[in-house]
Amino acid sequence: MTASLGTDINHAAQLLRAGSLVAFATETVYGLGADATNVDAVAKVFAAKGRPTFDPLIVHLAGVDQLASVVATIPDAAQKLMDFFWPGPMTLLFPKKSLIPDLVTAGLETVAVRIPSHPLALELLKAADVPVAAPSANKFGSISPTTAQHVADQLGDEVDYILDGGSCSVGLESTIVSCLSDNIEVLRLGGLSVEQIEAVIGPVTLKQASSDPGKQAEESSAQLAPGMLKRHYAPNKLLVVVDSLSDIELQPADVLLLPWELVNVPKDLHQEILSERQDLTECAAHFFSALRRLDASDADRIVAVRFPEEGLGRALNDRLERASAR
Ligand code: TXA
Ligand code: MG
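Residues numbered from 1 in each chain as written. Chains lettered and ligands numbered in written order. Predicted model: local features only at pLDDT ≥ 70, side-chain atom pairs only at ≥ 80, totals over all residues. Heavy atoms only, no water.

*Asks:* I'd like a rundown of the overall build of the chain, residues and numbers included.
*Replies:* Across its full length, the chain holds 11 helices and 15 strands. Judged by the C-alpha coordinates and their principal axes, the chain covers about 55 × 50 × 40 Å. When the 326 residues of the chain are sorted by exposure, 57% land in the buried category. Of all intrachain contacts in the chain linking residues separated by at least 6 positions in sequence, the fraction that spans at least 24 positions is 67%. Of the roughly 13500 Å² of accessible surface on the chain, 49% is carried by carbon and sulfur atoms. Taken as two groups, the 26 positive and 42 negative side-chain charges of the chain have centres that lie 3 Å from each other. (Helix = DSSP H or I, 4+ residues; strand = E, 2+ residues; numbered from the N terminus. Buried < 20%, exposed > 50% of the residue type's maximum accessible area, 1.4 Å probe, protein only. Contact = heavy atoms within 4.5 Å. Areas by Shrake-Rupley, 256 points an atom, 1.4 Å probe, with all protein chains shown as cover. Lys, Arg positive; Asp, Glu negative; His and termini not counted. Charge placed at Lys NZ, Arg CZ, Asp CG, Glu CD.)

*Asks:* Could you give me a rundown of helix H11 (residues 312-324), with the residues and numbers involved?
*Replies:* With 13 residues, H11 extends 18 Å from end C-alpha to end C-alpha; this agrees with the ideal 18 Å at 1.5 Å per step. For H11, the set of buried residues is Leu 312, Gly 313, Ala 315, Leu 316, Asn 317, Asp 318, Arg 319, Leu 320, Arg 322, Ala 323 and Ser 324. On its buried face, H11 sits against strand S10 (185-188), strand S12 (238-242), strand S13 (254-258), helix H10 (280-296) and strand S15 (301-305). (Expected span 1.5 Å × (residues − 1).)

*Asks:* Hey, could you go over the packing of aromatic side chains for me, with residue numbers and the actual values?
*Replies:* Here the structure, examined in full by the defined rule, presents five aromatic pairs. Plain terms: the ring middles of Trp 86 and Phe 94 are 6.4 Å apart, the flat faces sit at 50° to each other, and that makes the pair tilted. According to the relative accessible area criterion, Trp 86 is buried, its value standing at 10%. Assessed through its relative accessible area of 0%, Phe 94 is described here as buried. (Phe/Tyr/Trp six-rings, centres within 6.5 Å; stacked < 30°, edge-to-face > 60°.)

*Asks:* Tell me about the domain arrangement of the chain, residues and numbers included.
*Replies:* Quoted interface sizes are often the accessible area lost when the parts come together. Taken domain by domain, the chain comprises domain 1 (4-206) and domain 2 (238-324). In this structure, domain 1 and domain 2 have C-alpha centres spaced 27 Å apart. In this complex, domain 1 contributes 23 residues to the contact, which on the side of domain 2 involves 16 residues. Summing both sides of the interface, domain 1 and domain 2 together bury roughly 1500 Å²; the carbon and sulfur share of this comes to 58%. The largest per-residue losses of area from domain 1 upon contact with domain 2 belong to Ile 143, Leu 172 and Leu 189, which jointly make up 40% of the total buried on that side. Joining domain 1 to domain 2, the criterion identifies two salt bridges. Across the pair Arg 314 and Glu 195 runs a salt bridge whose closest N-O atoms are separated by 4.0 Å. Put simply, domain 1 and domain 2 have seven residue pairs in polar contact (both at pLDDT 80 or more) between them. (Domains from an automatic or database assignment. Buried area = accessible area lost by both parts, 1.4 Å probe. Salt bridge = Lys/Arg side-chain N within 4 Å of Asp/Glu carboxyl O. Polar contact = N/O pair within 3.5 Å; in protein donor to acceptor, adjacent residues only side chain to side chain.)

*Asks:* Quick rundown of the confidence of the model for the chain? Include the residues and the values.
*Replies:* When pLDDT is averaged along the chain, the result is 94, and 93% of the positions lie at 70 or above. Scored below 50 in pLDDT, residues 210-222 makes 14 contacts in the model with residues more than four places away or belonging to other chains. (pLDDT = per-residue confidence, 0-100.)

*Asks:* Can you explain the packing of helix H4 (residues 76-85) against helix H8 (residues 194-201)? Please cite residues and give values.
*Replies:* Viewed as axis vectors pointing N to C, H4 and H8 meet at an angle of 120°, and their least axial separation amounts to 10 Å. By the angle between their axes, H4 is oblique relative to H8. Crossing geometry of H4 relative to H8 is assigned as right-handed. Across the interface between the two elements, Ala 77, Lys 80, Leu 81, Phe 84 and Phe 85 of H4 pack against Gln 196, Ile 197, Val 200 and Ile 201 of H8. Looking at the contact of H4 with H8 residue by residue, the classes come out as seven nonpolar, one polar and one charged. (Axes fitted to C-alpha atoms, helices over the stretch in contact; angles between N-to-C directions. Parallel < 35°, antiparallel > 145°, perpendicular 65-115°, else oblique. Left-handed = near helix turned anticlockwise from the far one by under 90°. Nonpolar A, V, L, I, M, F, W, Y, C, P; charged D, E, K, R; others polar.)

*Asks:* Any chance you could break down the sheet that holds S12 for me, citing the residues and the numbers?
*Replies:* The four strands are arranged S12-S15-S13-S14 in an open sheet whose pairing can be described as parallel. Unpaired on one side and paired on the other, S12 and strand S14 (270-273) mark the two borders of the sheet. If you compare each strand with its neighbour and ignore which way they point, the axes differ by 20° on average. Pairing geometry for S13 and S15, over four bridges, is parallel. (Pairing = 2+ DSSP bridges.)

Encoded structure:
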């Protein structure tokens, strides 16, 4: 079976309500959605992705009026962030209510919630009228999907319908923020920059994955957002990340992933340039698609040049780091 692909919101909503899997566009990346209150449907998400069940899912809502049914309390700082950034590319953690099954949260007492801003996603969530658990619609650990075709290529046999909302405008997963203690923590860098968050609530801390492999094994339980796993978002080809092309001896079978046009790049090597106008937001929007094209090329190796460590550049560097980890 190959999933049909289209823009029929009512059909997609009915499928969700019936316990089927629907992939749908959001502004960040495509999600693989299931009714979050239906354990059997949620179990299908883990199976389709090949995702370990210690990796909790994000619950998507159509509006804040649905929040009271899934979360027990709303921390003050979370309320402030919601007011500023929802709907949008930000996920917040809350103490969960029992309507959300343990499978969704990997047994954690907290639930990650997001209200996306993509109009089609919002219409779908509204029509389905259930909270929708949705990880990114890719196989576990691989490159995230930013078009409906990316989903069809990887999960076409596993999903019942793909709601096509075009190319994702943000192109990176949501930024995950915990306001559960006074120390506000960013658990995953993403489509909302740290600078934007800090402008609203002041300094935040970044949760770093441990580089110690022993510690990582210990942490590869639900306590650590697995978007924080060392290897993630990974292409099949060897990916090497450098600060500058002068740091590496380029080979004839290399292809290049560049933020923008750089000087002294060998003309005979294929290059993907993410933003001619040197705009990190545009780089983010094109990032995963470009990585996929390079992965599908007949090159031996992808060489990527790091982004400036500011704004969305930080999240882009985070994705490069994990995509290149071995
Ligand atoms: O932009 C996005 O967030 C996309 C779209 C579809 O909304 N979704 C997404 O989901 O990126 P996924 O499953 O690929 O990443 C979800 C991340 C995982 O790293 C998971 O560990 C973390 O969210 N997470 C979920 N619930 C959590 C919780 N209760 N505590 C800590 N981390 C949590
Ligand atoms: Mg993912």
